[in-house]
Amino acid sequence: MEGVPGVNHTVPNPNHYDKSIVLDVKPLRSLKPVFPNGNQGPPFVGCPPFGPSSSEYSPFYPFGAQQPTQDTPDLNQTQDTPPPSYVPPLRSYRTPTESNGPSSSSATKRGVGRPKGSGNVKKKEKQTAAKETNLDVQVVKRFTADFDSGISAAEREDGNGYLVSSVLTRFDAVRRRLSQVDYAKAATSKAAGILMSNGVRTNMKKRVGTVPGIEVGDIFFSRIEMCLVGLHMQTMAGIDYITSKVGSGEEPLATSIVSAGRYDGDAQDPESLIYSGQGGNADKNGQASDQKLERGNLALETSLRKGNGVRVIRGEEDAATKTGKIYIYDGLYSISESWVEKGKSGCNTFKYKLVRLPGQPPAFGVWKSVQKWREGLTTRPGLILPDLTSGVESKPVSLVNDVDEERGPAYFTYISSLKYSESFKLTPPAIGCSCSGSCSPGDLNCSCIRKNGGDLPYLNGVMLVSRRPMIYECGPTCPCHANCKNKVIQTGLKSFLEVFKTENRGWGLRSWDSIRAGSFICEHAGEVKDIGRLRVYQDEDEYVFDTSRVYNSFKWNYEPALVDEDPSDEVPEEFDLPSPVLISAKKFGNVARFMNHSCSPNVFWQPIVCEGNGESVIHIAFFAMRHIPPMAELTYDYGVSEARDGSFLQGKRKCLCGSEQCRGSFG
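None of these values were measured; they are calculated from a predicted model. (Residues numbered from 1 in each chain as written. Predicted model: local features only at pLDDT ≥ 70, side-chain atom pairs only at ≥ 80, totals over all residues. Heavy atoms only, no water.)

Draft legend 1. Representation of the side chain of Arg356 within the structure. With respect to the helices and strands, the residue Arg356 is situated in strand β7 (residues 348-356). Residue classification places Arg356 among the buried residues on the basis of a relative accessible area of 8%. A polar contact of 2.8 Å, which involves the side chain of Arg356, links it to the backbone oxygen of Asp330. Side-chain polar atoms of Arg356 contact the backbone oxygen of Pro361, separated by 2.7 Å. With residues near it in sequence (within four places) discarded, Arg356 still touches Val216, Pro270, Glu271, Asp330, Leu332, Tyr333, Pro361, Pro362 and Ala363. (Helix = DSSP H or I, 4+ residues; strand = E, 2+ residues; numbered from the N terminus. Buried < 20%, exposed > 50% of the residue type's maximum accessible area, 1.4 Å probe, protein only. Polar contact = N/O pair within 3.5 Å; in protein donor to acceptor, adjacent residues only side chain to side chain. Contact = heavy atoms within 4.5 Å.)

Structure representation (structure tokens):
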């Protein structure tokens, strides 16, 4: 069964069966025979609950079979994310509270992570507690839910760019929501279990070579993300492979490897890689052994002989967390040679040299170049200014031109926030919170938390959980700490940004750092203008940002049905502005003025209200729509103006974004 894509082969101990790890349980009436294909095993497997199995087949756990031994993990695997397991309804994970005594009121006062509109959840749970005394009931309830994933069976087998992007967006939206409701440590595996059990995945068919919809240079923040889109099906093992029939037997063929980057000198060359085989690690008694030419090792040996391309994913430390990994898809490699050498334990270890196939765009090579610039080992080519903000921002913003001889953009004054050139108020006056420390989710005594629906809108003070009609941040006059997790746009840039000269679109903006989906990038700074003079500004100022334009709609938030929330409580993603906001960054602005338009953007904007001096002021903040690798240009949708009669105006500028969704013009 090792060749079955997307299947977790870990078999539980028959003496201790934990029902919480059930992957797929359906009501008996919905069960039907499922026969494996030729690559998955024999045409039928006898699994009788009583009596002996067929003489030709081994009995299947838990009906009489001995528990198979766990495969020894390979040297390249990491332990960052456990395999996804079945995820019961969200309410079954909530923090337990005392059911009697006065202490119970204090436990429910804050209501940490309680979804909007779910105030009767605890009451309903008490009424049904007698009926739901074990996990079996909850498992069945989950799998009898009528959830439409929107992905057909054929699309689960073979994906495309849209499906890959959609699956990753939906996964990360659920992960952020689970993290928001106090399950941060297990949010990744829980989110994966939810999506897999509901059919939200693609590219399940294992294949050699490229994977539809995945580009060289794409980044992932967990192995589970790669599994969901078919890049690397193993959540733990470093070698993935398929089996093919050769004569009367079967032969493994490597499809992908993950290099954890834990070995000095082994993973530093961007054009080649020395990869250690799997197995041979010390057992529980500390006894190591020679690696064997089987499973993944045999698959790599076969690929060496046959010369097929192997997908290589490089693992790098996530600088933002210091404990996590970022995985970079570095394209196809060929295996040029293999040998055996003595490891540190004195046992034989297989070694494989892989060489990157020519003609592919740089990926891991970009990471290594940025690392050298950051450490001062090499100079950034085309560097004009190390910091064009002159210290205004908390992090320097470099100015680079390695395209032509232009020495910089037209003169402007760099500011880090909004500047009001007209005397008017955008929203009614408001009063900030009265928190003495840091604002806490569920604390309805905090006015800022109440306005945000009872939750903190951010994770760890840097990452947006969901788009909302309006987000309310604590302002300068709020007494809470400066590091309050409800103060994000006021704390400045989080990434090392670079303004650079593009080939055909003037100056652009990109980051030296990887940016995770939902992360804050920057505020749109500039002069707030009178909306009454909209047409004048649009005709004379190409640096105008206008919230009244028509923007392509997209779905980014989590789906309530996937996290056991009432669909009627779904947070709308349409913005609710009391009046249009018009910002000009022609004379005064920040890095946001350099972000170009794209019809397929990787950044979106979100209106945010901050209270200051008794007035509520609307700010425009930019967040990452998806994971963005280093040196990828940051772009957002400029929108299209709307005529007074309601018809759409043709954009004044020709679009050069080059995406498949390009509409031809914008502005």
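Draft legend 2. Up close: empty space enclosed by the protein. Within the structure shown, the criterion is met by four cavities of 30 Å³ or more. As for the second largest cavity, its lining consists of 11 residues, and the residues nearest its centre are Lys451, Tyr472, Glu473, Val609 and Glu611. Within the residue set of the lining of the second largest cavity, elements represented by two or more residues are α10 (447-451), β14 (471-473) and β23 (603-612). Element by element, the count of residues in the lining of the second largest cavity is highest for β23, at three residues. Per-class residue counts for the lining of the second largest cavity are six nonpolar, two polar and three charged. (1 Å grid on protein atoms, 1.4 Å probe; cavity = no way out; pocket = protein on both sides within 12 Å on 5 of 7 lines; lining within 4 Å. Points joined across faces, edges and corners; volume = space filled by probe spheres on them. Nonpolar A, V, L, I, M, F, W, Y, C, P; charged D, E, K, R; others polar.)

Draft legend 3. How the structure looks around the sheet that holds strand β16 (residues 507-511). Pairing is mixed across the open sheet formed by four strands, whose spatial order is β8-β9-β15-β16. Two strands in the sheet have a free side with no partner beyond their single neighbour: β8 (383-385) and β16. Adjacent strand axes in the sheet meet at a mean angle of 35°, parallel and antiparallel pairs treated alike. Sheet topology places strand β9 (residues 398-400) next to strand β15 (residues 497-501); three bridges connect them, and they run parallel. The partner of Val400 across the bridge, within β15, is Phe500. (Pairing = 2+ DSSP bridges. Axes fitted to C-alpha atoms, helices over the stretch in contact; angles between N-to-C directions.)

Draft legend 4. Seen up close, the packing of aromatic side chains. All chains considered together, the criterion is met by 17 aromatic pairs. Note on Trp373 and Trp512: the rings are 5.4 Å apart at their centroids and 55° apart in plane angle, and the pair reads as tilted. Of this pair, Trp373 sits in helix α9 (residues 364-375) while Trp512 sits in the loop between β16 and β17 (520-523), placing them 139 residues apart in sequence. Each member of the pair, Trp373 as well as Trp512, carries the same accessibility label: buried. Within the aromatic cluster, the residues linked to one another by ring pairs are Phe545, Tyr551, Phe575, Trp605, Phe622, Tyr636 and Tyr638. The ring of Phe554 is capped by Arg467, whose NZ or CZ atom sits 4.0 Å from the centre of that ring. Sitting above the plane of the Phe604 ring, Arg467 keeps its charged end 5.6 Å from the centroid. (Phe/Tyr/Trp six-rings, centres within 6.5 Å; stacked < 30°, edge-to-face > 60°. Lys NZ or Arg CZ within 6 Å of the ring centre and 35° of its normal.)

Draft legend 5. Highlighting the environment of Asn445. Assignment of secondary structure puts Asn445 in the loop between β11 (418-420) and α10. Spatially, the C-alpha atom of Asn445 lies 8.2 Å from that of Ser434, the residues being 11 residues apart in sequence.

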